[in-house]
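Coordinates in review
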Amino acid sequence: MIEKILSSAFIQAYELLYQKNPAVKFVIFQKTRPEFEGDYTLVVFPFTKELKKSPEQIATEIGQQMVSSTAVLSSFNVIKGFLNLVIDDIYWMEFFKKEAANESFGLLKKEDPQKVVIEYSSPNTNKPLHLGHIRNNLLGWSVAEIMKAAGNEVYKVNLVNDRGIHICKSMLAWQKWGEGKTPAKTKLKGDKLVGDMYVRFDVELKKQVEKLQTEGLAKDDAIAVAPLTKEAREMLFQWEAGNQDVRLLWETMNNWVYEGFSSTYNRLGIDFDKIYYESETYLLGKELVFEGLEKGVFYQKDDGSVWCDLSEDGLDEKLLLRADGTSVYMTQDIGTANLRYEDYKSDKMIYVVGNEQNYHFDVLQKVLAKLGKPWAESIEHLSYGMVELPEGKMKSREGKVVDADDLMDEVIATARRMTVELGKLENMESEEANNLFRIIGLGALKYFMLKVDPKKTMLFNPAESVDFTGNTGPFIQYTHARIKSVLRKAADNNILLDTEIALPKALLNKEKSLLVLLYTFPAMVEQAAENRSPALIANYMYDLAKEFNQFYQECPIIRETDEAQRLFRLQLSAFAAKTIHKAAALLGIEMPERM
RNA sequence: GGUCUCGUAGCUCAGCUGGAUAGAGCAGCAGCCUUCUAAGCUGCGGGUCGCAGGUUCGAGUCCUGCCGGGAUCACCA
């Protein structure tokens, strides 16, 4: 890494000149801004106090010393307190020689690889996946891939919320109004069918509640005593008691949902190493709560409910077991966290969950700490922002949701339309064309979702949907296809690429900036992994594509008459294509050979 | 009300954890295809980085206060 070389050169120069050690925290090299000459810049202001010299003087002295003692430095200049260092082209060319054909470029080896378990998706089985889930799924999957690329051992897990009152509502509605419908008979995806039943329940319940309200009941009371509410509760009770009929219906309907989900996951390109089901884990937390009660870190109220007092940590008291002894959400999460740790003995457990649950995860971590679980601090809540529509938050009850399958259909249809409009379909078989629409449509969608900082709330406008020009997935895909086209043409002209790496005598501006950008890819992977941010990869990829297009515009590749130069540019282009491809793979975005 | 969080161009977003004159895309305007894919490239216009203080050589970035949006504070999940 060039930064390391520069740092140690700086420290040596500093010690030699001033007989002192520089404060390491000030030794930071950053990329020189394009309007100045140089590749890396050090700000020398911080050293003026210690050395009692002007920044210009310090920069000049150190610059001279560094250039004379460091082979990769060819020159320097000083502007105000900024020391700009120029790296010799040879350094970049050697990097090119070493890495251009290296298939594992960008795949990092870590000295201390971590075992990471990352949970994402975590759907309820009573409704289909929507736009919010898409962000969650893409984020979780991508962060997992990025952390793998950064040299960690990563396991992707899903925790399906397959039991509870909400499932019973769908089941009950199906019994009453389902008319024996099945996904096979109706040709409706299973998750959609079950979702419809859930909505139906809500509609019917509302009717009952309104009737009760006209009889003088308050809304909350009306909901509580409505026959449907009671029936749903009864069904949940029967489920917990193991009633065979209820269990059979539950299993049947959940299987419909799983088929629906897996088709959505497949299409999105999302997968898991292990799937946990809440129906199998929801009882696990209780024991731990009792343990805590014995240890005296939790306490019991007169009504029998169990609580954890977190007021010393700045939080409230938190219920862990209801008065009737049943579990709450927190109880389950304590149990599943413990199970997961026992399963994997991981160094890190990451939960990809929306920021509306920040408080929940604060509490979870503190409760586990109180239970004396040393791995409590290995829990990390990857808290991401909500996806909002122009009119505000999505509200599933009001039907204001963007359905995941519909959205995928739509972006693929748009990709088809654009491609046809642009007349890109010559000599393309329909199979390739259809696959291309899929690749472009999903590429547009995924890039759109992932280019935004995960922590931030993002806006999705269904009317405008996602763009296909500018800072978008298709732009990057187009660049990739364009490079591939050039490479194919070179092959047609019998220009062999896989010969020795070719090096020009000197680097042109655009050749160099492309090369330097490629150089930073591994560091980018590492940074994205540390920050759990696919957005960094997305933005890098965009810069890279843009940089290539500028190079392409300025430098003839096949048309170049100097053979060595031509070969170098071809290899540089191939390197860029490979790196774009690799970066995109970390986001789950496919790159077409032509488009 | 307590806690957390966000506020950057008309719109959508960057801004590498404090560095030089704050950047992209979209939208608008003007150019570039008989030459490697024009889903591209080049140029122009567009900013009190919510407001006010503070910290320091230096603040969009850190601290405090205020204004405005959002989340959360359930014997729901």
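Residues numbered from 1 in each chain as written. Chains lettered and ligands numbered in written order. Predicted model: local features only at pLDDT ≥ 70, side-chain atom pairs only at ≥ 80, totals over all residues. Heavy atoms only, no water.

**Remarks on the overall build of chain A**
- Check the secondary structure of chain A and you find 22 helices and 15 strands.
- In terms of overall dimensions, chain A has a C-alpha envelope of 90 × 65 × 40 Å along the principal axes.
- Looking at chain A residue by residue over its 595 residues, the buried ones come to 51%.
- Residue pairs at least 24 apart in sequence account for 74% of intrachain contacts in chain A once pairs closer than 6 positions are excluded.
- Taken as a whole, chain A presents about 28700 Å² of accessible surface, with 50% of it coming from carbon and sulfur.
- One way to put it: in chain A the 74 positive side-chain charges average out to a point 2 Å from where the 87 negative ones average out. (Helix = DSSP H or I, 4+ residues; strand = E, 2+ residues; numbered from the N terminus. Buried < 20%, exposed > 50% of the residue type's maximum accessible area, 1.4 Å probe, protein only. Contact = heavy atoms within 4.5 Å. Areas by Shrake-Rupley, 256 points an atom, 1.4 Å probe, with all protein chains shown as cover. Lys, Arg positive; Asp, Glu negative; His and termini not counted. Charge placed at Lys NZ, Arg CZ, Asp CG, Glu CD.)

**Considering the sheet that holds strand 6 (residues 153–160)**
- Across the sheet, which stays open at both edges, the 5 strands sit in the order 7-6-5-11-12 with parallel pairing between neighbours. In the strand order of this sheet, the two ends are held by strand 7 (274–277) and strand 12 (379–384), each with one partner. The mean inter-strand angle of the sheet, taken between neighbouring strand axes irrespective of direction, is 25°.
- Where strand 6 lies against strand 7, 4 bridges are found, and the strand directions are parallel. (Pairing = 2+ DSSP bridges. Axes fitted to C-alpha atoms, helices over the stretch in contact; angles between N-to-C directions.)

**What about a negative patch on the surface?**
- On the surface, a cluster of negative charge is made up of D309, E312, D313, D316 and E317.
- Summarising the element assignment, D309 is placed in strand 9 (residues 306–309). (Patch = residues over 30% accessible without salt bridge, like charges linked within 9 Å, V, L, I, M, F, W, Y side chains within 5 Å. Salt bridge = Lys/Arg side-chain N within 4 Å of Asp/Glu carboxyl O.)

**Here we look at the sheet that holds strand 2 (residues 40–43)**
- Taken in spatial order, the 4 strands line up as 1-2-4-3 in an open sheet, and their pairing is antiparallel. Pairing within the sheet leaves two strands with one partner each, and these edge strands are strand 1 (29–31) and strand 3 (73–79). Taken pair by pair, the neighbouring strands of this sheet meet at an average axis angle of 30°, ignoring direction.
- The pairing of strand 2 with strand 4 (residues 82–87) spans 4 bridges and is antiparallel. Looking across to strand 4, one finds that T41 is bridged to N84.

**Observations regarding the environment of N152**
- Locating N152 in the fold gives a position in the loop between helix 5 (131–149) and strand 6.
- Its relative accessible area of 9% is what places N152 among the buried residues.
- Counting along the chain gives 377 residues from N152 to A529, while the straight-line C-alpha distance between them is 9.5 Å.
- When neighbours within four sequence positions are excluded, N152 is seen to be in contact with K110, P113, Q114, V116 and M147.
- Within polar-contact distance, the side chain of N152 engages the side chain of K110 at 3.1 Å.
- Within polar-contact distance, the side chain of N152 engages the backbone nitrogen of Q114 at 3.1 Å. (Polar contact = N/O pair within 3.5 Å; in protein donor to acceptor, adjacent residues only side chain to side chain.)

**Points about the domain arrangement of chain A**
- Domain parsing of chain A yields domain 1 (2–87), domain 2 (120–398) and domain 3 (404–586).
- Using only C-alpha atoms to locate each centre, domain 1 and domain 2 end up separated by 55 Å. (Domains from an automatic or database assignment.)

**What about the protein's contact with RNA strand B?**
- Taken together, 61 residues are adjacent to RNA strand B, and D303, R322, K424, Y478 and R482 come closest.
- Within the backbone of I558, an N or O atom sits 2.9 Å from a base oxygen of RNA strand B.
- Here a sugar or linking oxygen of RNA strand B sits 3.5 Å away from a polar atom, N or O, in the side chain of R559.
- Partitioned by chemical class, the residues of the surface near RNA strand B number 27 nonpolar, 17 polar and 17 charged. (Near = heavy atom within 4 Å. Nonpolar A, V, L, I, M, F, W, Y, C, P; charged D, E, K, R; others polar.)

**Looking at helix 11 (residues 244–268)**
- Between the first and last C-alpha of helix 11 there are 35 Å, a value that for 25 residues agrees with the 36 Å anticipated at 1.5 Å per step.
- With a side-chain oxygen positioned 2.9 Å from the backbone nitrogen of D245, the residue opening helix 11 is N243.
- Note on helix 11: the residue one or two positions beyond its end, G269, has a positive phi of about 85°. (Expected span 1.5 Å × (residues − 1).)

**Notes on the packing of helix 5 against helix 17 (residues 430–450)**
- One way to put it is that helix 5 packs onto helix 17 with a least axis distance of 10 Å and a crossing angle of 80°. Put simply, helix 5 runs roughly perpendicular to helix 17. Note on element contacts: helix 17 touches helix 5 through L445, K446, M449 and L450, opposite L131, I134, R135, L138, L139 and S142.
- A breakdown of the residues in the contact of helix 5 with helix 17 according to their chemical character gives 7 nonpolar, 1 polar and 2 charged. (Parallel < 35°, antiparallel > 145°, perpendicular 65-115°, else oblique.)

**Points about the pairing of strand 9**
- Bridging between strand 8 (residues 299–300) and strand 9 involves 2 bridges; their strand directions are antiparallel. Note that in strand 9 the partner of Y299 across the bridge is W307.
- Between strand 8 and strand 9, which pair antiparallel and follow one another directly, the connecting turn spans 5 residues, one of which, G304, has a positive phi of 100°.
- In the sheet, strand 9 pairs with strand 10 (residues 317–321) via 4 bridges, with the strands oriented antiparallel. Bridged to W307 within strand 10 is L319.

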